[in-house]
Amino acid sequence: MDTRQAHAIAVRFDLPEPIEVVDFPEKGNINRETYLIAAGHPGNRAEYILQRLNPTVFKKPAAVMQAMISCIEAQKEAISEGALRDRSEWEPIRLIRTNEGHAYLETVCDDGPSCWRVMARIGRARSYKNLRQISSAGMRLKTAEEVGRGLALFGTLTARMNPLEVQCPLPGYRDTHLYYAQLLSVLAGNHSLDEATPYLPADPVLRQSTQEYFLVQAGEEEFRRRLQDPLVSRCIGAALENESFALKLVNGLQTGELRTAIIHGDTKLENFLFSTRTGKAIALVDLDTIMPHTWLSDWGDMTRSLINLAGEKETDLEQVRADIRIFECAARGFLRAARHVTEREMALMSDAVQIMSLELGVRFLTDYLRGDSYFRLGPADPPHLNKIRACVQFRLFETMHSNAD
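Residues numbered from 1 in each chain as written. Predicted model: local features only at pLDDT ≥ 70, side-chain atom pairs only at ≥ 80, totals over all residues. Heavy atoms only, no water.

## Quick word on the pattern of salt bridges
As a reminder of what qualifies: For this document, the term salt bridge refers to a Lys or Arg side-chain nitrogen within 4 Å of an Asp or Glu carboxyl oxygen. Here a helix means four or more residues in a row that DSSP labels H or I, a strand means two or more in a row labelled E, and each is numbered from the N terminus. Accessible area is worked out with a 1.4 Å probe on protein chains only. A residue is then buried under 20% of its type maximum, exposed over 50%, and partly exposed in between.
The full count for this structure, using the stated rule, is 30 salt bridges. In this structure, Glu47 and Arg121 form a salt bridge, with 3.0 Å as the shortest nitrogen-oxygen distance. With Glu47 in strand S3 (residues 46–52) and Arg121 in the loop between strand S6 (112–120) and strand S7 (125–126), the pair connects residues that are 74 residues apart, well separated along the chain. Here Lys387 ties to Asp229 by a salt bridge, and the two come within 2.9 Å at their closest N and O atoms. A residue pair is termed long-range when its members are at least 10 positions apart, and Lys387 in helix H15 (residues 385–401) and Asp229 in the loop between helix H7 (220–227) and helix H8 (230–241) qualify at 158 residues. Given the relative accessible area of 14%, Lys387 is considered buried. Look at Asp229 and you get buried, because its relative accessible area is 14%.

Now the structure itself:
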């Protein structure tokens, strides 16, 4: 879709005229149809983000939007009741309604049904792709502490949400049992659903949504070549050897040892916004994966990505290590601000970071073996990118696991 067509969508929202639409350069990896809107007359113009939910990824956009709306309302209600302390800043996302008064717009495009939303752009804020963007070591540590504080604050502001009333937007997401079943099915070389039957989930909705990821998509010769790669063999060994450890969080949820709470689901650094005035975390955006789980998965995924300064595409695995100073600062920021945690959950905070690294490593590894059918490669990506990503996560896991104490 070009900007002219995007403009035709934008004018269907309650925005002041005139409206200008341009491509948004900071779009994420999922919702690629994202545009920047400038609306209103000079001297009174404001910026907004127009975005189409990716219909390939989000099969039930109405459920995604309802969870997002509930999350926004919970934050606003908690703030109005005084949940913010110590003059903390926090700005929930603000959705702009359609001209008919709806929270989002449902249309039919050339490739099928579409769900569009417009959000007011949060002003005087910035984000970071990774901590390497921050040249000062002291500022990196301060930012890590703010990220931890921001995650705890998000948990406080959404604590009243009922997990039973929120559907998972991506069936199977954060289900470590499912990810291991997919790995085992792919290792068995299954190319058809009949062959993969012993590994498929019993739940019909979950099965329908995920069954393609149990199958090898690559040709037989390419599959064998990938399977016999020494680096891949090492990753497979690490994945299988540590399966029981990887299942610790999901097993804890199933037995009731761990509480089910509302989580963000994608707590990478770039989803946190920081005040350009104070440097404080003031928002957690991209609310497409709001779901019930343990907050430890949010904490683990966030910290996993923070402590590896080498990045997720580093080819020299010797450069991949866990920065304990960043871990300590993130934990300090979180624990100073957290209000809804238990002793048992705190005891698992170190394990959770390792588990999320291991889980992501399993996902990258499985996708590389089956032929890159989930984490799809772009035209400029190397053909072995998902192998690199898997190796980085397993290396990070090993460095943490061997120094867990």
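## Describing the state of the cysteines
Throughout this description, disulfide means a covalent bond between two cysteine sulfur atoms. For the record, the criterion: Cysteine sulfur pairs qualify as disulfides if the two atoms are within 2.5 Å.
Within this structure, the stated rule accounts for 0 disulfides. Cys71 provides the cysteine sulfur closest to Cys168, a residue in no disulfide bond, and the two sulfurs are 14 Å apart. Note on Cys168: relative accessible area 27%, which makes it partly exposed.

## Quick word on helix H14 (residues 349–370)
Think of an α-helix as 3.6 residues a turn; residues three or four steps apart then line up on the same face. Short version of the rule: For a helix, the expected span equals 1.5 Å multiplied by the residue count minus one.
Here H14 spans 32 Å end to end across 22 residues, near enough to the 32 Å set by a 1.5 Å rise per residue. The buried count for H14 comes to 21 of 22 residues, which makes it a mostly enclosed element.

## A short note on the sheet that holds strand S9 (residues 272–275)
Under the convention used in this document: Any two strands with at least two DSSP bridges between them are considered paired. Contact definition: two residues touch when any of their heavy atoms are within 4.5 Å. Lines fitted to C-alpha atoms define the axes, with helix axes restricted to the stretch in contact, and inter-axis angles between N-to-C directions lie between 0 and 180 degrees.
Taken together, 3 strands build an open sheet; the order of strands is S7-S9-S10 and the sheet is antiparallel. With one partner strand each, in any of the chains shown, S7 and strand S10 (281–284) form the two edges of the open sheet. Here 2 bridges tie S7 to S9, and the two strands are oriented antiparallel to one another. What sits directly across from Arg126, in S9, is Phe274. Against the sheet, helix H3 (residues 137–157) engages S9 and S10, with an angle of about 115 degrees to S9.

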